[in-house]
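Spelled out, the chains give:
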Amino acid sequence: MTKERYIGRFAPSPSGLLHFGSLLSATVSYLDAKNKNGLWKLRIDDIDEERSKPQNTIEIINQLKAYGLFPDEIYHQSEHIKDYESYLNKIPKSLLYLCKCNRKRIQSLPQSKLGNIYDGICRDLDHNSGSTRVRSMNMSKKFYDLNFGETQINDEEIYDFIIKRKDSFAYQFCCVIDDFLQGVTNVTRGSDLLYSTLQQRFIQKLLNLPELDYFHHPVLVIDSKKISKSEDATPVKKENRLKNMIKILTLLNQTLPSQKLSYDELIKHAIQNWESKDIPKVMNISIS
Ligand code: GLU
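What counts and what doesn't
Throughout this document, residue positions are counted from 1 along each chain, in the order its sequence is written. In view of the model being predicted, local features appear only for residues whose pLDDT reaches at least 70, and side-chain atom pairs are presented and counted only at 80 or more, with totals across whole chains, interfaces and linings using the full set of residues. Hydrogens and waters are ignored; side-chain quantities use all the structure's heavy atoms. We call a residue buried when its accessible area falls under 20% of the maximum for its residue type, exposed when it is over 50%, and partly exposed in between, using a 1.4 Å probe and counting protein chains only. Counting from the N terminus, the helices are the DSSP runs of H or I reaching at least four residues and the strands are the DSSP runs of E reaching at least two. Each pair of strands is called paired provided DSSP finds at least two bridges between the two strands. The path from the first strand over the helix to the second decides the hand: if it runs clockwise while the strands point away from the viewer, the crossover is right-handed. A contact between two residues is defined here by any heavy atoms of the two lying within 4.5 Å.

For strand β11 (residues 186–190), the buried fraction is high: 5 of the 5 residues fall into the buried class. Examined bridge by bridge, β11 and strand β12 (residues 213–217) share 5 bridges and lie parallel to one another. Residue T188 lies in a different strand from β12, and its bridge partner there is F215. A crossover links β11 with its parallel partner β12, the connecting element being helix α6 (residues 196–206), and its sense is right-handed.

Written out as structure tokens, the structure reads:
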């Protein structure tokens, strides 16, 4: 049987520019796709208009190109609101309900690996406005991650999650539709989204969309905090690309070339010698 062509993707949120941690993520998904002769698509997660700055989108694309990571397609979430509407309409109404609980109440509920465990108090209240939740009791508790292997949560960690807020769609929902519309076959992303996969697979199943392969890589931490755009991580610069890429490949346990290469040759070498099985199977890796 011929396997369909590998299509990978990288999905940054343009609330900030690419820092070292997000460059590592882009690199993992790029090298995995190109090693398998696949396509590598870029998705800009710009549905949250308040936090997304158009200038950041332009600069993120420039940063990726400066690092030799050229996307085969560029997709903007903000251009797909109609698609989200139409897919939401395909979910049986009996599985959805509106919830009026505020953030403070939700945050007071116990935590699971997926977030605060919603207790379902709005489930049978028939509100006519609020956030849309999906009844999730039939969600699978486990999946097989290509890096971490069998990944599982407990029964009591499952809760009805939000797929649409009053005026914007939620990440878990958009991500499923986007991956489908971009023809993605392999999702390669940071371990902070490992358990989200269960909710995303549940939505795929409700919509009869194909199941994808997932590979989660460790997230970088400095002093045990995730490097995120909201913290003071600085945007990666082209001048440092050789040094940064060697550092990334070293952190990922990849074989480095034995002689000095130009940057473009280094990327070629990295594609040819890519071994996803050598990436550390840990949730976080620390750098100083
Ligand atoms: N935009 C998300 C983030 O930056 C990534 C979503 C994904 O890869 O599924 O965390």
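Further remarks concern unusual backbone geometry. For D126, which is not glycine, the phi dihedral falls at a positive 55 degrees. You can see D126 is positioned in the loop between β6 (115–116) and β7 (131–134). Among the residues examined, D126 registers a relative accessible area of 72% and is labelled exposed. The backbone phi angle of N208 is positive, close to 55 degrees, even though this residue is not glycine. Following the sequence through the fold, N208 ends up in the loop between α6 and β12.

Next up on the list: α6. Along α6, 9 of the 11 residues are buried, which leaves the element largely enclosed by surrounding structure. Among the residues of α6, S196, T197, L198, Q199, Q200, R201, F202, I203 and Q204 are the ones counted as buried. For α6, the elements touching its buried residues are β7, β8 (142–145), β10 (161–164), α5 (171–181), β11 and β12. Looking one or two places after α6, you find N208, whose phi comes out positive at around 55 degrees.

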